[in-house]
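Structural features, examined
As a plain string of letters, each chain reads:
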Amino acid sequence: MSNFKLADRLSTLPPYLFAAIDKAKAEVAAKGMDIISLGIGDPDLPTPDFIIEALYEGAKKPVNHQYPSYVGMPAYRQAVADWYKQRFDVDLDAQTEVVSLIGSKEGIAHFPLAYINPGDLALVATPNYPVYGVATEFAGGIVEYLPLLEENDYLVDLEAISNDTWAKAKMIFVCYPNNPTAATATKEFYDRLIEKAREFNVIVISDAAYTEIYYDPNNRPISIMECEHAKEVCIEFHSLSKTYNMTGWRVGMAVGNSDLVAGLGKIKENVDSGIFQAVQEAGIAALRNGEPYAEKFRAIYKERRDVVSAALTKVGINHRVPDASFYLWCNVPDGNKSSEFVTNVLKQTGVVLTPGNGFGTPGEGYFRISLTVNNDLLEEAVSRISKL
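Each chain carries its own residue numbering, running from 1 in the written order of its sequence. This being a predicted model, a pLDDT of at least 70 is required before a residue's local features are given, and a value of 80 or more before pairs of side-chain atoms are given or counted; all residues contribute to the totals for chains, interfaces and linings. Hydrogens are left out, water is left out, and the side-chain values use all remaining heavy atoms of the structure.

- As annotated in an unreviewed UniProt entry, the protein chain carries the name Aminotransferase and comes from Pseudodesulfovibrio nedwellii.
- Looking at the protein chain in UniProt, the text filed under Sequence similarities (unreviewed entry) is "Belongs to the class-I pyridoxal-phosphate-dependent aminotransferase family."
- Quoted verbatim from the Cofactor (unreviewed entry) heading of the UniProt record, the comment on the protein chain is "pyridoxal 5'-phosphate". UniProt positions are given in the numbering used here, feature names are shortened, and annotations may be inferred rather than shown by experiment.

If you want it as structure tokens, here you go:
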């Protein structure tokens, strides 16, 4: 029997959070328990029909059956630039400041390969999407985690980072609206972050996948690209996944500093073959005509948010009521550990939650709820939890 040893970069990895959740969910379901999954942030609402029709029409074109561009069709990149102008009033050169992605996760995972050398330091705000740190370590980099704390509204305490650390850092990862805490960033925060990054020549990586899931049209999340000097140091990753319920389509974009965009594009030239052009055509349709649908989706998530918040309040579970994203960040009751509480809930009730410590050490004592099932199931889930 052969015995093949995994590369060190894999053998030292902890289990991927969401893969571990899927495994635990399958084990409980196999025992016959009815599962309500509030774990992974995968929208249950369908992709709008007009986007599907655009895919169908695009798939019939022979030209789309050949290899696509690594960096994206010019028309798709222009649609991204036009959307950024309409949504954020940001001017982008579609040719040099936009690159297509096979979902934003792909771009985020590949980006450190373009700029991190072995031993380089990356700063990661945590609790965080696990890919930031993993991708850095795959490139041979070192990660220093920056705690996001409730008392700071889950914004990075930029002044707590020493000048020595700033001087060593190659890049810093931030995510707003934040996954998992649902916190949003202010323009003042972004301005100060850019100021620090310019002073110490640090790349700012902004993960902005949730900007379009918001609940007050007069208080929409901003893009870091709206800030003065952002193009000097920033690259922002975005996606059609959450906005238009296209998680399975794998289509996104990175925008910003032309050198950073080109660096990511150079990696992509060597490791992927681009997005199927029919999917890009569907993406163009979504970006051009999807806002009325996104508005309807926001209304549904707002109703779900309010239903869950009321139910949690009724049973005495403290939580943050989000202004954006479709997550609720909740305090684990009775001083339990995150993983123990979530495991107990799953085994006894069939409700899947995400333990806060799975996103990083500062997440201990919290759990995350995804608003990705209907109101009846959300109420039933909280009811089951309350009976523990």
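Having put the structure on the table, let's press on.
**Focus on the sheet that holds strand β6 (residues 203-207)**
- Judged by pairing direction, the sheet is mixed, and its 7 strands sit side by side in the order β2-β8-β7-β6-β5-β3-β4 without closing on themselves. Looking at the sheet topology across the chains shown, the edges are occupied by β2 (98-101) and β4 (142-147). The sheet shows a mean angle of 20° between the axes of neighbouring strands, direction not considered.
- Bridge count for β2 against strand β8 (residues 252-256) is 4 bridges, and the pairing is antiparallel. The residue bridging V98 from the neighbouring strand is V255, located in β8.
- Packing against the sheet, helix α4 (residues 74-88) makes contact with β2, β7 (234-239) and β8, and its axis sits at approximately 65° to β8.
- Contacts are assigned to residue pairs with any non-hydrogen atoms lying within 4.5 Å of each other. A fitted line through C-alpha atoms represents every axis, and for helices the fit uses only the stretch in contact; the resulting angles, taken between N-to-C directions, go from 0 to 180 degrees. Numbering of helices and strands starts at the N terminus; helices are DSSP runs of H or I of at least 4 residues and strands are runs of E of at least 2. Taken strand by strand, helix α8 (residues 187-200) contacts β5 (169-175), β6 and β7, and its axis lies near 150° from that of β6. Between any two strands, pairing holds if DSSP finds at least two bridges.

**Regarding the sheet that holds strand β10 (residues 327-331)**
- Across the sheet, 4 strands lie side by side as β9-β10-β13-β12; this open sheet has antiparallel pairing. One side of each edge strand has no neighbouring strand; the edge strands of this open sheet are β9 (319-320) and β12 (354-355).
- In terms of strand pairing, β12 meets strand β13 (residues 366-370) through 2 bridges, oriented antiparallel. Note that in β13 the partner of P355 across the bridge is F367.

**A look at the pairing of strand β3 (residues 121-126)**
- Within β3, 6 of the 6 residues are buried, which leaves it mostly tucked inside the rest of the structure.
- Side-chain alternation along β3 places L121, L123 and A125 on one buried face and A122, V124 and T126 on a second face that is also buried.
- Here 6 bridges tie β3 to β4, and the two strands are oriented parallel to one another. Across the sheet, the residue bridging to L121 is I142, located in β4.
- Every crossover in which the path from the first strand over the helix to the second runs clockwise, viewed with the strands pointing away from the viewer, is termed right-handed. Remark: the β3/helix α6 (residues 131-138)/β4 crossover connection has right-handed handedness.
- Of the pairings in the sheet, the one linking β3 to β5 comprises 4 bridges and is parallel in character. In the strand pairing of β5, V124 is matched with F173. Categorising residues by exposure relies on relative accessible area from a 1.4 Å probe, with only protein chains included: less than 20% of the type maximum marks a residue as buried, more than 50% marks it as exposed, and the intermediate range marks it as partly exposed.

**Details of the UniProt feature "domain: Aminotransferase class I/classII large" (unreviewed entry) in the protein chain**
- Residues given the UniProt feature "domain: Aminotransferase class I/classII large" (unreviewed entry) here are residues 34-385.
- Strand forms 16% of residues 34-385 and helix 41%; the C-alpha atoms that close the span are 14 Å apart.

**With respect to the packing of aromatic side chains**
- A pair of Phe, Tyr and Trp rings is counted when the ring centres sit within 6.5 Å of each other, with Trp represented by its six-membered ring. The angle between the planes then sorts it: under 30 degrees is stacked, over 60 is edge-to-face, the rest tilted. For the structure shown, the criterion picks out 18 aromatic pairs.
- Taking the centre distance of 5.6 Å and the plane angle of 75° together, the rings of Y176 and F189 count as edge-to-face. Taken together, the residues Y176 in the loop between β5 and α8 and F189 in helix α8 connect sequence positions 13 residues apart.
- On the basis of relative accessible area, Y176 is assigned to the buried category, the value being 2%.
- Across the ring face of Y293, the terminal group of K296 is positioned such that the distance to the ring centre comes to 5.5 Å. Geometrically, a lysine NZ or arginine CZ counts as sitting over a ring once it is within 6 Å of the ring centre and also within 35 degrees of the ring normal.

**Describing unusual backbone geometry**
- Each neighbour pair has its own omega, and for T126 with P127 the value is 15°, a cis peptide bond.
- In this fold, P127 is placed in the loop between β3 and α6.
- A cis amide bond, omega 25°, links N179 with the succeeding residue P180.
- Mapped onto the secondary structure, P180 falls in the loop between β5 and α8.
- Phi at R250 takes a positive value of approximately 55°, unusual for a residue other than glycine.

**Digging into the nonpolar core**
- To form a nonpolar core, buried Ala, Val, Leu, Ile, Met, Phe, Trp, Tyr and Cys residues must be joined to one another through side-chain atoms within 4.5 Å. With 63 residues, the main nonpolar core has Y84, V156 and Y176 as its most contacted residues.
- Elements with a contribution of two residues or more to this core: α3 (49-59), α4, β3, β5, α8, α9 (230-233), β8 and α11 (277-289).
- If you tally residues by element for this core, the top one is α4, at 7 residues.
- Beyond its immediate stretch of four places on either side in the chain, V156 contacts A125, L146, L148, I161, V174, Y176 and F189.
- Ranked by size, the runner-up nonpolar core spans 31 residues in total, among them I36, L45, L312 and V345.

**Quick word on the state of the cysteines**
- By definition, disulfides here are pairs of cysteine sulfur atoms that lie within 2.5 Å. This model, assessed by the stated rule, comprises 0 disulfides.
- Note on C227: no disulfide assigned, nearest cysteine sulfur contributed by C234 at a separation of 7.8 Å.
- What makes C234 buried here is its relative accessible area of 0%.

**Comments concerning the packing of α3 against α11**
- Viewed as axis vectors pointing N to C, α3 and α11 meet at an angle of 145°, and their least axial separation amounts to 8 Å. For the crossing formed where α3 meets α11, the hand is right-handed. On α11, the residues touching F50, I51, A54, L55, G58 and A59 of α3 are A278, V279, E281, A282, A285, A286 and N289.
- Taken together, the residues of the contact of α3 with α11 break down into 10 nonpolar, 2 polar and 1 charged. Note on convention: near helix rotated counterclockwise from far helix by under a right angle means a left-handed crossing. Clockwise means right-handed. For this classification, Asp, Glu, Lys and Arg are treated as charged, while Ala, Val, Leu, Ile, Met, Phe, Trp, Tyr, Cys and Pro are nonpolar and the rest, including Gly, are polar.

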